[in-house]
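# Observations on the model geometry
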Amino acid sequence: MTSRRYGSGPSGAGKQPLPFARAVWPDGWRYVSGQVALENGEIVGGGIIAHSRRAIEKMTAILHEAGYGIEDVVRVGVWLDEPRDSWSFNAVYAECFGENSPARAAG
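Description of the structure in this document.

Definitions and cut-offs
- Residues numbered from 1 in each chain as written.
- Predicted model: local features only at pLDDT ≥ 70, side-chain atom pairs only at ≥ 80, totals over all residues.
- Heavy atoms only, no water.
- Helix = DSSP H or I, 4+ residues; strand = E, 2+ residues; numbered from the N terminus.
- Buried < 20%, exposed > 50% of the residue type's maximum accessible area, 1.4 Å probe, protein only.
- Contact = heavy atoms within 4.5 Å.
- Patch = residues over 30% accessible without salt bridge, like charges linked within 9 Å, V, L, I, M, F, W, Y side chains within 5 Å.
- Areas by Shrake-Rupley, 256 points an atom, 1.4 Å probe, with all protein chains shown as cover.
- Salt bridge = Lys/Arg side-chain N within 4 Å of Asp/Glu carboxyl O.
- Phe/Tyr/Trp six-rings, centres within 6.5 Å; stacked < 30°, edge-to-face > 60°.
- Core = buried A, V, L, I, M, F, W, Y, C linked by side-chain atoms within 4.5 Å.
- Axes fitted to C-alpha atoms, helices over the stretch in contact; angles between N-to-C directions.
- Left-handed = near helix turned anticlockwise from the far one by under 90°.
- Nonpolar A, V, L, I, M, F, W, Y, C, P; charged D, E, K, R; others polar.

Once that is clear, we can look at the overall build of the chain. Along the chain, the regular secondary structure elements total 2 helices and 7 strands. In the chain, the order of α-helices and β-strands from amino to carboxyl end is β-β-β-β-β-α-β-α-β. Counting every position in the chain, which comprises 107 residues, the buried fraction comes to 31%. Sequence separation of 24 or more characterises 47% of the internal contacts of the chain that already satisfy a separation of 6 or more.

Right, here's the structure in full:
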């Protein structure tokens, strides 16, 4: 199986290089690594709504690099540190995915 890999990008928090691919395209499938609300190597301010938007924007940008869009996403895994953020996250998620909601696992 041949896999195409996208590097980690410029950096993570503290401008450290990240030790994993941003995405891998093996055998016709597309896997995008988890995204954190970083901008220029630092976590964006603004709480869960801003963090959710930034993480989804970053995922979407990786998809666009490969010629895909958010409507092509079939599954999303979500990790929320605070369960009370679920409703705010769901509002951003619904705004971003609209009628194209993929299957989802959240914890």
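That covers the picture; the talk isn't over yet.
On the surface, Trp-29, Tyr-31 and Val-74 cluster together into a nonpolar patch covering about 390 Å² of accessible area. With respect to the helices and strands, Tyr-31 occurs in strand β3 (residues 31–32).

Before going further, it helps to examine the packing of aromatic side chains. Taken as a whole, this structure holds 2 aromatic pairs when the rule is applied. With 5.6 Å between their ring centres and 40° between their planes, Phe-89 and Tyr-93 make a pair best called tilted. Of this pair, Phe-89 and Tyr-93 are both found in helix α2 (residues 86–97), 4 residues apart, which corresponds to roughly one turn of the helix. Of the two residues examined, Phe-89 and Tyr-93, each falls in the buried class. Between Tyr-93 and Phe-97, the aromatic rings sit 4.6 Å apart at their centres with planes inclined by 45°, giving tilted as the arrangement. Here Tyr-93 pairs with Phe-97, and both are found in helix α2, just 4 residues apart, close to one helical turn. As far as the burial class goes, Tyr-93 and Phe-97 line up, both buried.

Moving on: the nonpolar core. Grouped burial of nonpolar side chains is what soluble globular proteins tend to show. Core analysis: the largest hydrophobic core is formed by 12 residues, namely Ile-56, Met-59, Leu-63, Ile-70, Val-73, Val-76, Val-78, Leu-80, Phe-89, Val-92, Tyr-93 and Phe-97. Put simply, the parts of the chain that give this core at least two residues each are α1 (47–65), β6 (75–78) and α2. Counting residues per element, this core draws most heavily on α2, which supplies 4 residues. Other than its neighbours up to four places away in sequence, Val-73 contacts Met-59, Leu-63, Phe-97 and Pro-102.

Axis separation between α1 and α2 bottoms out at 9 Å; the angle between their running directions is 35°. Where α1 crosses over α2, the two elements pack in a sense that is right-handed. Mapping the contact onto sequence places Ile-48, Ile-49, Ser-52, Arg-53, Ile-56 and Met-59 in α1 and Ser-88, Phe-89, Val-92, Tyr-93, Glu-95, Cys-96 and Phe-97 in α2. Split by residue class, the contact of α1 with α2 holds 9 nonpolar, 2 polar and 2 charged.

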